[in-house]
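# Notes for the structure review
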Amino acid sequence: MSDDEEHYNPKAHKKLLTAIGSLGSVQHIQKSTRDERQTRQDEFQLVKSVRAAALEHKPRAVGLNDLVQILRTSSKHAQTGKKLKNIQSTKKVLEKPLEKPAADRIRRTIGYEGVTKKLGRWDAVVAQQRSAETQIFPIPSETIYVNTAAHAKPLKTSIQSDLAKELEASKQKLHELRKAQIGDTSDEKVLAQQERDLLQKKLTRDELFARRKELAYLKMRESQKSAKARMQNKIKSKKFHKLQKRQKMLEQMKEFELLKKTNPEAALEKLNAMEKIRVQERASLRHKNTGTWAKNLQVRAKYDKDVRKDLAEQLAVSRQLTQKQQESDSETELNIKPAAHEEEEKDYDPFNPWTKQKVAGKAPTQKAASEDPNWRKYWTERNQNTKLLEEHRNDLEDVKPAEGSDVEEELRSEPKQKPSKKKVKKPKVSFQNGWEVEEVDPETNVRGESKIDDIFEAHEEKMRAKLTKRLASLQQRTDRLKAAPAKSKKVKKKKDSLKNLKDLAIKKTKQRVEIDEPLNHDDEPQQQVDAAILESAPEAKVDSAMDTIDLANVATLVWTQKKRSSGALNDALVNDDEAEYDEEDAAAEHQLTISQAFEDDDIIADFNRDKTKDSELKNTELQLAMPGWGSWAGAGISHEVMERRNKRLLLKLAAPEKRRDDNKDNLFINETSTKQARQHMVSSVPFPFRSLADYEASIRAPIGRNFVPETAFRMLTRPAVITRKGQVIEPMDESELVKPDRRLRHIVDKRIKRLPKVPPRAQKA
Amino acid sequence: MKVKMISRNPDNYVRETKLQQHKMPRNYDPSLHPLEGPREYVRALNATKLDRVFAKPFVCNLSGHRDGVSCFGKHPKLLSTLATGAYDGEVRIWDLANRVSARSFVAHNGFVRGIAYAKDGERIFTVGDDKTIKVWNSQAPEVGEEEEPVNTILSRYGLHGISHNRKDNSFATCGEVCAIWDEQHNDPLKTLKWGVDTLHTISYNPVETNVLACCASDRSIILYDQREAQPLRKVVLTMKSNKLAWNPMEAFNFTVANEDCNLYTFDTRKLQTPLKVHFDHVSAVTDVDYAPTGKEFVSASYDKTIRIYHAHQSHSRDIYHTKRMQHVVCCAWSLDNRYIFSGSDEMNVRMWKSNASEKLGIIRPRERTNFNYQEALKEKYAAHPQIKRIARHRQVPRHVLNAQRKMRAGKEKDQVKEANVRKHSKPGKVPYVSEKKKHVLKEEV
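Residues numbered from 1 in each chain as written. Chains lettered and ligands numbered in written order. Predicted model: local features only at pLDDT ≥ 70, side-chain atom pairs only at ≥ 80, totals over all residues. Heavy atoms only, no water.

With that out of the way, let us pick up the overall build of chain A. A count of helices and strands for chain A gives 33 helices and six strands. Within the span of chain A, comprising 765 residues, buried residues form 19% of the whole. Pairs at least 24 residues apart make up 65% of the contacts formed inside chain A by residues separated by at least 6 positions. When the accessible surface of chain A is summed, it comes to about 60900 Å², and 56% of that surface belongs to carbon and sulfur atoms. (Helix = DSSP H or I, 4+ residues; strand = E, 2+ residues; numbered from the N terminus. Buried < 20%, exposed > 50% of the residue type's maximum accessible area, 1.4 Å probe, protein only. Contact = heavy atoms within 4.5 Å. Areas by Shrake-Rupley, 256 points an atom, 1.4 Å probe, with all protein chains shown as cover.)

Shown next, in the form of structure tokens:
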């Protein structure tokens, strides 16, 4: 055994031990390598870790303590070592994490809130879509296409020819002029900046394709247009050019009309230009039948009726062109009186029709003014208008401060007297064409004006009273509103998550009836349901003025009659926004006036009499026996027999039905109106409408082609949803969130947009 | 003899230039048209009658499946393509313009549970009862080649539905869990789980494409965000929801088809009460799909009818049915807003017009204006009783009528009972609960 012990080799033994020890650490199953991204490890792929056993033999990892120890040895880093030690000793233990369900709940809440916020972005878009009068699908995209490709040809502005430059400059000038004419004030620079910004943006591939298409289309249009213009220039037909010219003239007139409203200055220039064209045409030899064409025709004129007609037409045109001028010429020749000239100019009064005429006649004599007689007329008119406006405005301003009545009265009286004073001075006798012209007595004029003034004054007074009343009521309301939130604050704590959407909802300008009822499958039970609905439905919110009206009688097809029969009532219905602020006053007033008006006749008695008269049956018994029929004539006929017979032939009608308003004293239901018509009548105000007046207004206006102009017809019959055949409607896109208002392409859309946005009730008032 | 003739001045009716409007001798003075109202009313009445006369919504029947139709997949780009799956695992691609089945292949063992097109329409994803997701080319194979899936993914969990993201390359499946997949990977990016119940339908929000919703068999609807690690919210109704559809124009609204014969429209931000309860079906509603305009939706029901609803009204605007149509399992609204498809138990796919009396084919401008006028008139006089009666009258199958009567009786009975209980208990003890609130049990956070 000792031999054995001697043989004991510690080295070999140790080797054996390590070999045994390492037996378990051999890994037969390889750790899985992930080739797909995945968040969860599969439990079957988890491998038992071998490291735990091996750790004991391995050298210990470096800890913070070791660092501190080393640092302590050198005096240089002693301070740092201390700090480290401190940090180690004062470190806090982290709190235990929340339990998993609670943590998940918090995470879910946060996630949900995020999504809610994200979805909330769509509120405005959805609200707008819901309130839109017409929706077009697929939603038209409004992309501005700009060529930003790297290989795109840049504009060679430097190598532009001089001619091109000049052209551009003139074009620019023209553009500016045009802008000034229209009164456009948009800044070019800002627009340019926007364009540059857009240029810097990168476009997606689809957008690029779309842009290319657009450009190609534009180019094609351009070439088409230029070709058309070239062709048109080549046309030799005189008639064509004549028509074209007339067309142009018409267009210009239209433009002028428009400008007159928007930009009077530009309109003036336009007018002058038009006048100039006329003058030029007049001065030229056109339409005088002196051209080659006319001469050739004159030869034929003898034999050809049409030719004669043409020539006559031509002459007529020339006459028309020169006529007006001749008139004024003759007038001036007769009229000129240079001596009286200055005097007349002094006492020129825009209000005096005589002097005005004189001025108009005199104008063409002056060289400068000869070209624009209309101009002068226009100006005088305009001055007059502005003057009147100014006066009126002054009056209003004087009225407005309006507290001390005396002072105000004085103030007001002043500006009114001024013009009258002027007028008193004016009368003057002047000679014209040998006629003695005398001013019309200004006194009458003044009186008339003062009368008008009175009316105006009274009206203003009324208006002011109304305004103050409304102001007071508004004040009250605001006070009430201010007081209210203080109370409700405590009560209302719950947040409405759809509030934004509700706030954004715009009231539709055109209300449509919404019928949300089950489809009727068989008639019989449906009627029951209807009746049940009618009974259970809460009464439509009706204004106080109309809760006594039977709706069945008013909301019918017979509008005009109804209007006439209850005019006062309808008035009350129509201006119910007025009724809003002084309902009580108005009601009291109304009562008063009615009672005053019918002071001396007893309306109630009249009403009752009418009612009973209407309800009593006219012919309760009908005598069917005819004299002389079925009876012998002559003497000896007993009256008894006759009477018995008559009695037998007497037809007694059934007792009258009870009236519907029998036990309602102050109600009269007209039962004579046909029952056939009644089944076509609406019995209650349908859903989205709040008041009878609104609903009636929506029904009253016709929409047919026969009753309204074509454009109005198109506007009124525009469908609510327009889709195109064969086009996929994509869901709402994110670009919709940042999109500016769609530029309207369809002419009807444009017209609708241009309409004043006034609710129907306000229009009537 | 003297011949009298009417002679008119051509200036009164001949336009001066080509570009001017034709002059119409017409006087719009309202005093000259005292009967304009009655005339329009009669026109409206006639238009309504004609509308009912021409209401023939059925377009065609697509037959070819050898088992009941289980699901639809709409091509996102092509209007004439529709994919349908059947109970026997067969998928058919239809050419709707020619009304023929363009292609068919057996995709799964057992039911095809869901079909979804990729966002560009190049691939078709199908899931079936065999726990696989199969990816198919939407192009038919060459002649002689066999139909083979491009890719087959074996899932660890059972699969009941699939939905593809409209903007991403990701799609989502539901079953035991809700899994978000990427088209390029064979493992899900994410699995979202809340509770142990089976999710039987899934639907991506088409507008906010990160949001999706599932319906679970514990009667709940669960909202997810594909970027979050956790589901978002759960709302439990009184009965199971069968299908869910998002409104494509209003990002926050969705509608669920419920087992209790109703549909519920919810706002995602306010799940305690539905925005609208849509009644009228008499049996479980099996499917719902929104019109691409977001204004209407169509619902299929076990009562063998499909109904069309305005998204914001509680009663249907129309009902479609035919004698041979059995329990309708799925329905879809075409992406051009013109047609409706319904697939039913008796192996047929039917195509309907979304507007029953709409004229198909070319419509000339004058015709179009006339139609517009008629529509406007109908709308204007919609509340008048005769017009309403004609416009809303529908002939329905006897069984629907009977079921309706039965339901009405039941409802009335409940109401009477509630009223009686209220009458005989302390005031305020039996509260009035609105119809909307009755159907939502709870909202879980």
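Moving on, we get to the pattern of salt bridges. What the rule picks out here adds up to 40 salt bridges over all chains. The salt bridge partner of Lys270 of chain A is Glu255 of chain A, with a shortest N-O separation of 3.2 Å. Note that Lys270 of chain A is positioned in helix H12 (residues 264-283) and Glu255 of chain A in helix H11 (residues 238-262), a separation of 15 residues in sequence. Beyond isolated ion pairs, a larger network of salt bridges with shared partners links Lys118, Arg121 and Glu734 of chain A together with Glu208 of chain B. (Salt bridge = Lys/Arg side-chain N within 4 Å of Asp/Glu carboxyl O.)

Residue and element names in this part refer to chain B. Contact geometry of helix H1 (residues 36-53) with helix H2 (residues 365-380) gives a least axis separation of 9 Å together with a crossing angle of 105°. In terms of their interaxial angle, H1 and H2 are classed as roughly perpendicular. Contacts between H1 and H2 involve Glu40, Arg43, Ala44, Ala47, Thr48, Leu50 and Asp51 on the former and, on the latter, Tyr373, Gln374, Leu377, Lys378 and Lys380. In the contact of H1 with H2, the residues fall into five nonpolar, two polar and five charged. (Axes fitted to C-alpha atoms, helices over the stretch in contact; angles between N-to-C directions. Parallel < 35°, antiparallel > 145°, perpendicular 65-115°, else oblique. Nonpolar A, V, L, I, M, F, W, Y, C, P; charged D, E, K, R; others polar.)

A word on the sheet that holds strand S23 (residues 296-301) of chain B. Residues and elements named next belong to chain B. Here we have four strands laid out as an open sheet, ordered S22-S23-S24-S25, and antiparallel in their pairing. This sheet does not close on itself; its edge strands, each paired only once, are strand S22 (285-290) and strand S25 (316-320). Neighbouring strand axes in the sheet, compared pairwise and without regard to direction, differ in orientation by 20° on average. Strand direction decides the pairing type here: S22 and S23, joined by five bridges, are antiparallel. (Pairing = 2+ DSSP bridges.)

This part is about the UniProt feature "repeat: WD" (unreviewed entry) in chain B. The residues that UniProt annotates with the feature "repeat: WD" (unreviewed entry) are residues 62-104, 105-137 and 278-309 of chain B. For residues 105-137 of chain B, helix accounts for 0% and strand for 61%, while the C-alpha atoms at its two ends are 12 Å apart. (UniProt positions renumbered as here; feature names shortened; annotations may be inferred.)

Another aspect to go through is the confidence of the model for chain B. The share of residues in chain B with pLDDT of 70 or more is 100%, and the mean pLDDT across the chain is 93. Both confidence scores are given for the complex: pTM 0.59, ipTM 0.91. (pLDDT = per-residue confidence, 0-100.)

Residues and elements named next belong to chain B. With respect to burial, S25 is a largely interior element, five of its five residues being buried. Pairing between strand S24 (residues 306-310) and S25: four bridges, direction antiparallel. When the sheet's bridge partners are listed, Ile306 is paired in S25 with Tyr320. Linking two consecutive strands that pair antiparallel, namely S24 and S25, is a turn of five residues.

Turning our attention to a nonpolar patch on the surface. A contiguous nonpolar patch, built from Leu16, Leu17, Ile20 and Leu23 of chain A and spanning about 410 Å² of accessible area, is present on the exposed surface. Its location among the elements puts Ile20 of chain A in helix H2 (residues 10-21). (Patch = residues over 30% accessible without salt bridge, like charges linked within 9 Å, V, L, I, M, F, W, Y side chains within 5 Å.)

This part covers the nonpolar core. Membership of the largest hydrophobic core comes to 33 residues, with the highest contact counts inside it found for Trp122 of chain A together with Ile221, Leu223, Leu244, Phe254, Val256 and Phe266 of chain B. For this core, the secondary-structure elements that each account for two or more residues are helix H6 (100-120) and helix H7 (123-131) of chain A together with strand S15 (211-216), strand S16 (220-225), strand S17 (233-237), strand S18 (241-246), strand S19 (253-258) and strand S20 (263-267) of chain B. Setting aside residues up to four positions removed in sequence, Leu244 of chain B forms contacts with Thr201, Ser203, Ala213, Cys215, Ile221, Phe254, Thr255, Val256 and Val288 of chain B. Formed by 22 residues, the second largest nonpolar core is a distinct cluster that contains Val513 and Ile699 of chain A together with Ala383 and Ile390 of chain B. (Core = buried A, V, L, I, M, F, W, Y, C linked by side-chain atoms within 4.5 Å.)

The next subject is unusual backbone geometry. Omega for the peptide link from Phe137 of chain A to Pro138 of chain A comes to -5°, which places this bond in the cis form. Within the secondary structure, Pro138 of chain A is located in the loop between strand S1 (135-137) and helix H8 (162-182). With phi around 60°, Lys131 of chain B is a residue other than glycine that occupies positive phi space. Looking at the element boundaries, Lys131 of chain B is found in the loop between strand S7 (123-128) and strand S8 (132-137). Note on Lys131 of chain B: relative accessible area 34%, which makes it partly exposed. Residues other than glycine seldom take positive phi values, yet Asn337 of chain B does so here, at roughly 65°.

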